[in-house]
2 protein chains.
Amino acid sequence: MLDLEDFLPYRLSVLSNRISSGIARTYEERFGLSVTEWRVIAIVGRYPGVTATDVAERAAMDKVAVSRAVSRLLDAGRLERRENHPDRRAKRLYLSAEGKSIHDAIVPAALAFERDLLDALEPEERRRFLRSLERLAEAAERHC
Amino acid sequence: MLDLEDFLPYRLSVLSNRISSGIARTYEERFGLSVTEWRVIAIVGRYPGVTATDVAERAAMDKVAVSRAVSRLLDAGRLERRENHPDRRAKRLYLSAEGKSIHDAIVPAALAFERDLLDALEPEERRRFLRSLERLAEAAERHC
DNA sequence: TGAAAACAGTTACAAATGTAACTAATATCA
DNA sequence: TGATATTAGTTACATTTGTAACTGTTTTCA
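What counts and how
- Sequence positions are assigned chain by chain, starting from 1 and proceeding in written order.
- Chain letters and ligand numbers both follow the written order, the letters beginning at A and the numbers at 1.
- The predicted origin of the model limits local features to residues at a pLDDT of at least 70 and limits the giving and counting of side-chain atom pairs to 80 or more, whereas totals for whole chains, interfaces and linings rest on all residues.
- For side-chain calculations, the full set of non-hydrogen atoms in the structure is used, while hydrogens and water are omitted.
- Numbering of helices and strands runs from the N terminus; a helix is a DSSP stretch of H or I covering at least four residues, while a strand is a stretch of E covering at least two.
- Under the scheme applied here, a residue whose accessible area is under 20% of the maximum for its type counts as buried, over 50% as exposed, and between as partly exposed, the area being computed with a 1.4 Å probe on protein chains only.
- For the area figures, the Shrake-Rupley method with a 1.4 Å probe applies, and any residue is considered shielded solely by the protein chains shown.
- Asp and Glu count as negative and Lys and Arg as positive, but His and the ends of the chain are not part of the count.
- In this description, the location of a charge corresponds to atom NZ of lysine, CZ of arginine, CG of aspartate or CD of glutamate.
- Residue proximity to a molecule or strand is established when one non-hydrogen atom of the residue lies within 4 Å of it.
- Counted as a polar contact is a pair of N or O atoms within 3.5 Å, where, for protein atoms, one must be capable of donating a hydrogen and the other of accepting one, and residues adjacent in sequence contribute only when both atoms are in side chains.
- Every axis corresponds to a line fitted to the C-alpha atoms, with the helix fit spanning only the stretch in contact, and the corresponding angles, defined between N-to-C directions, vary from 0 to 180 degrees.
- An angle below 35 degrees is read as roughly parallel, one above 145 as roughly antiparallel, one from 65 to 115 as roughly perpendicular, and any other as oblique.
- A clockwise turn of the near helix away from the far one marks a right-handed crossing, whereas an anticlockwise turn of less than a right angle marks a left-handed crossing.
- Contacts between residues were defined by any pair of non-hydrogen atoms, one from each residue, lying within 4.5 Å.
- In the scheme used here, Gly and all other residues not listed as nonpolar or charged are polar, with Ala, Val, Leu, Ile, Met, Phe, Trp, Tyr, Cys and Pro taken as nonpolar and Asp, Glu, Lys and Arg as charged.
- A quick way to say it: buried area is the sum, across both parts, of accessible area lost when two parts are put together, with a 1.4 Å probe.
- For this document, the term salt bridge refers to a Lys or Arg side-chain nitrogen within 4 Å of an Asp or Glu carboxyl oxygen.

A. Representation of the overall build of chain A in the model. A count of helices and strands for chain A gives 6 helices and 2 strands. The order of helices and strands in chain A, counted from the N terminus, is α-α-α-α-β-β-α-α. C-alpha extents for chain A along the principal axes are approximately 55 × 35 × 30 Å. Sorting the 144 residues of chain A into buried and exposed places 43% on the buried side. Looking at chain A as shown, the accessible area adds up to about 7600 Å², and 46% of this sits on carbon and sulfur atoms. Between the centroid of the 25 positive side chains of chain A and the centroid of its 24 negative side chains there is a distance of 5 Å.

Shown next, in the form of structure tokens:
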């Protein structure tokens, strides 16, 4: 007998979707950013000069999804792209001034959202939760 | 400064996607079921006679997604639909014999997968983790 | 060297998903 | 009662996403 409501994969999926779309509302309404675009901005903001492949790895996104998000962001003037010597296949990515200002507007809101969530847990409980989450991630990686 | 890799919403999303697609492989390969179809089968198997709207609520799915999954499952002979008196708008859903056999083949695999994951945590750690997860879900619901 | 394999990124097509409008049935309440 | 609103489920259209094949470049190694 399986109760979907008690089933861990299902609970994680519902929670994750709810949280993601909660945050997404912020940057969708204010900047018309999709989740993938926001992730690209977050990665490029944190690691200026990364390539699209780096972004895909760090954001656990498909390279096609990254390519599409990057091209939308370039069109919108939110991202810049420069040559990568000596490998001319890859291009280095940077936030434009506008991309930077979007980044700097979203990051505090995202962190505040995260803090609000984690404030539902006691400090010790929070540490334990994050550690357990890490163990689960390892177990999932081993298993899949 | 925001490190996507440490950001809770992102970590939850990656973990949830990894786990979901890990399980999905099982029923995709063996039965050609999508995630939504599997969820419908799980709900109808657990609560025979539910309506599509009930399924949507219990599975946190969009009613259009449910409608489409149900119609595919009906076409494949995996689901049956009977009249619901006295309200003739809604139809009651049941697993067919084939649907039941698919359900009974997947459920143990799904539960084993969940157990493998949770076995990465000590018994006490696991209880705490699940409790924290519940608190987070409440906080997210409040916040979103 | 130079032929073959691997890689970065893009494009094209198919499948999945979200949104809005729709049909048919039931509920509401003046 | 009967006009209006609500509900269950479907359909149609637009958008998003995944898969495979592609271009141009670099690496590998016989």
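The discussion continues.
B. Layout of the protein's contact with DNA strand C. In the neighbourhood of DNA strand C, 18 residues make up the surrounding shell, with T53, S67, R81 and R89 of chain A together with P86 of chain B lying closest. Expressed as a percentage, the sugar and phosphate content of the atoms of DNA strand C within 4 Å of the protein is 53%. Within the contact set of DNA strand C, a phosphate oxygen lies 3.4 Å away from a backbone nitrogen or oxygen of A52 of chain A. Measuring from a base oxygen of DNA strand C, one finds a side-chain N or O atom of K63 of chain A at 3.0 Å.

C. The arrangement of the packing of helix α6 (residues 123-143) of chain A against helix α1 (residues 8-31) of chain B in detail. At a minimum axis distance of 10 Å, the contact between α6 of chain A and α1 of chain B shows a crossing angle of 30°. Our classification of the angle between α6 of chain A and α1 of chain B gives roughly parallel. Remark: the crossing between α6 of chain A and α1 of chain B carries left-handed chirality. Together, F129, L130, L133, E134, L136, A137, A140 and E141 of chain A of α6 of chain A and L8, R11, L12, L15, R18 and I19 of chain B of α1 of chain B make up the contact between the two elements. The residue inventory of the contact of α6 of chain A with α1 of chain B, partitioned by class, reads 10 nonpolar, no polar and 4 charged.

D. Just the interface of chain A and chain B, in detail. Contact residues are listed per partner, giving 56 residues for chain A and 56 residues for chain B. Note on chain A versus chain B: buried area summed over both sides is about 5700 Å², and carbon and sulfur give 68% of it. Inspection of the chain A/chain B interface yields 10 salt bridges. The salt bridge involving E5 of chain B is made with R58 of chain A; its shortest N-O contact spans 3.0 Å. At the surface where chain A touches chain B, the tally comes to 18 residue pairs in polar contact (both at pLDDT 80 or more).

E. Spotlight on the protein's contact with DNA strand D. Neighbouring DNA strand D are 18 residues; R68 of chain A together with T53, S67, R81 and R89 of chain B lie closest to it. What you see for DNA strand D is that sugar and phosphate hold 53% of its atoms within 4 Å of the protein. Within the contact set of DNA strand D, a phosphate oxygen lies 2.4 Å away from a side-chain nitrogen or oxygen of T53 of chain B. Interatomic distance of 2.6 Å between a side-chain N/O atom of S67 of chain B and a phosphate oxygen of DNA strand D. For the surface near DNA strand D, the secondary-structure elements that each account for two or more residues are α4 (63-75) of chain A together with α3 (52-58) and α4 (63-75) of chain B. No other element matches α4 of chain B, which puts 4 residues into the surface near DNA strand D. Of the residues assigned to the surface near DNA strand D, the class counts are 5 nonpolar, 3 polar and 10 charged.

F. Structural context of the pattern of salt bridges. Residue and element names in this part refer to chain A. Taken as a whole and assessed by the stated rule, the structure comprises 24 salt bridges over all chains. Across the pair R127 and E124 runs a salt bridge, and its minimum N-O distance is 3.0 Å. Here R127 pairs with E124, and both are found in helix α6, just 3 residues apart, close to one helical turn. Residue classification places E124 among the partly exposed positions, given a relative accessible area of 35%. The network of salt bridges with shared partners includes E124, R127 and R128.

G. Unusual backbone geometry, seen in detail. Residue and element names in this part refer to chain A. A cis geometry characterises the amide bond from H85 onward to P86, with omega recorded as 0°. For P86, the location among the structural elements is in the loop between β1 (79-83) and β2 (91-95). Of note, the phi angle at A60 is positive, near 55°, even though the residue is not glycine. Examined against the element boundaries, A60 turns out to sit in the loop between α3 (52-59) and α4.

Honestly, that's just the spatial picture; any functional story needs more than this.
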